[in-house]
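Spelled out from the first residue to the last, the chains are:
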Amino acid sequence: MRFAVIADVHGNHLALEAVLEDIRRQGIAEIVNLGDCFSGPLTAGKTADILLELRAVTVRGNHDRYLIEQQPEKMHVSDRAAHAELAEHHLDWLRNLPFSMVYRNEAYLCHATPADDNVYWLESVSPDGHVYLKPLKEIEALAAGIDFPLILCGHSHIPRAVRLFDGRLIVNPGSVGCPAYDDDLPNYHKVEAGHPFASYAILEKTGDTWLPIFRQVAYDHGVMAQLAAERGREEWAVGLATGWLR
């Protein structure tokens, strides 16, 4: 059994197209999407058209939820920019996405954690803003009751695999379209991939063992960085161009 996992596209249609082409070159037909599809100052409408046509198994991210729960004037600037590009049928698609689901009786899918779409599963943030691997006991506590051999989450944009003591594997495929960002919660911090490439993962089962293969894909990130700059979002422009924040 073999399939691809994408997450955190954040309205970057060029990164998404490059990842989908790489998936096709690997001979993989099945794709699951862990949410946060559109939010950002980029090309939410084009991204939505691609994802709706793709018909991948998809769960809802926190930014997907903001787009359908909040009024535009109350949205964060990135959500508001995406909302302005989305048609009603795009928003209807978001409204119908599940919070979580089980894929092929093997993999549990959610955006962040089973209880909260805005909490990192595999990472913690120190009071001074350092992002680090969460202690295993805390990771396992969040996995209580999730009785599937493979658990997939996104949200932190950090490609990572953690094997629990009982053999379950938790995998975050990284971000397709947003290699660097900052956030105020739970404390101010930065997440930086250190490169501008699009990230995703392939999951392959051999016998009873799931193995993640993390992939980075080059695309014309300069075009998207320029678009972010033209729209007054310099932090996005720098992140897309370099994978770092100033």
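Residues numbered from 1 in each chain as written. Predicted model: local features only at pLDDT ≥ 70, side-chain atom pairs only at ≥ 80, totals over all residues. Heavy atoms only, no water.

Backbone torsion omega between Leu 185 and Pro 186 reads 0°, so that peptide bond is classified as cis. Counting through the fold element by element, Pro 186 comes out in the loop between strand S11 (180-183) and strand S12 (189-192). Although it is not a glycine, Asp 36 sits at a positive phi angle of roughly 55°. Looking at the secondary structure, you find Asp 36 in the loop between strand S2 (31-33) and helix H2 (44-54). The buried category is assigned to Asp 36, whose relative accessible area is 2%. We note that Asn 105 has phi near 60°; this positive angle belongs to a residue other than glycine. Within the secondary structure layout, Asn 105 lies in the loop between strand S4 (100-103) and strand S5 (107-110). (Helix = DSSP H or I, 4+ residues; strand = E, 2+ residues; numbered from the N terminus. Buried < 20%, exposed > 50% of the residue type's maximum accessible area, 1.4 Å probe, protein only.)

Aromatic ring pairs are reported here in terms of the distance separating the ring centres and the angle at which the planes meet. Applying the stated criterion across every chain, the model contains three aromatic pairs. Ring centres 5.9 Å apart and planes at 45° place the aromatic pair Phe 38 and Trp 93 in the tilted group. Of this pair, Phe 38 sits in the loop between S2 and H2 while Trp 93 sits in helix H5 (residues 88-95); the two residues are 55 residues apart in sequence, bridging distant segments of the chain. Neither residue differs from the other here; Phe 38 and Trp 93 are each classed as buried. Ring pairing ties together the aromatic residues Phe 3, Tyr 103 and Trp 210, which thus form one cluster. (Phe/Tyr/Trp six-rings, centres within 6.5 Å; stacked < 30°, edge-to-face > 60°.)

Turning next to helix H7 (residues 221-230). Burial in H7 covers these residues: Met 224, Ala 225, Leu 227 and Ala 228. Each buried residue of H7 lies within a common arc of 160° when the element is viewed along its axis, so the set occupies one face. Contacts made by the buried residues of H7 are with helix H1 (13-25) and helix H8 (234-242). Positive phi appears at Gly 232, one or two residues downstream of H7, with a value of about 80°. (Arc of directions from axis to C-beta. Contact = heavy atoms within 4.5 Å.)

We now examine the sheet that holds strand S1 (residues 2-6). Spatially, the five strands line up as an open sheet ordered S3-S2-S1-S13-S14, and their pairing is mixed. Strands with a single pairing partner mark the edges of an open sheet, and in this sheet they are strand S3 (57-58) and strand S14 (209-217). Here four bridges tie S1 to strand S13 (residues 198-206), and the two strands are oriented antiparallel to one another. Paired with Phe 3 across the two strands is Leu 203, which belongs to S13. The strands touched by H1 are S1, S2, S13 and S14; relative to S13, the strand with the most contacts, the crossing angle is about 25°. (Pairing = 2+ DSSP bridges. Axes fitted to C-alpha atoms, helices over the stretch in contact; angles between N-to-C directions.)

Turning our eyes to something else, we now look at the pairing of S13. By the bridge criterion, nine bridges tie S13 to S14 in an arrangement that is antiparallel. The partner of Lys 205 across the bridge, within S14, is Trp 210. Taking the residues between adjacent antiparallel strands as the criterion, S13 and S14 are bridged by two residues, where Gly 207 takes a positive phi near 65°.

Before going further, it helps to spend a moment on the sheet that holds strand S10 (residues 169-172). Pairing within the open sheet is mixed, and its five strands lie in the order S4-S5-S8-S10-S9. For this open sheet the edge positions go to S4 and strand S9 (160-163), each flanked by a neighbour on one side alone. For this sheet the average axis-to-axis angle between neighbouring strands, irrespective of direction, equals 20°. In the sheet, S5 pairs with strand S8 (residues 150-152) via three bridges, with the strands oriented parallel. Bridging across to S8, Leu 109 finds its partner in Leu 152.

A separate point is the pattern of salt bridges. Tallied over the full model, the rule gives 16 salt bridges. Residue Glu 21 pairs with Arg 25 through a salt bridge whose shortest N-O separation is 3.7 Å. With a gap of four residues between them, Glu 21 and Arg 25 both fall in helix H1, about one helical turn apart. Using a relative accessible area of 33% as the deciding quantity, one classes Glu 21 as partly exposed. Here the salt bridges share partners, and the residues they tie into one network are Glu 21, Asp 22, Arg 24, Arg 25 and Arg 215. (Salt bridge = Lys/Arg side-chain N within 4 Å of Asp/Glu carboxyl O.)

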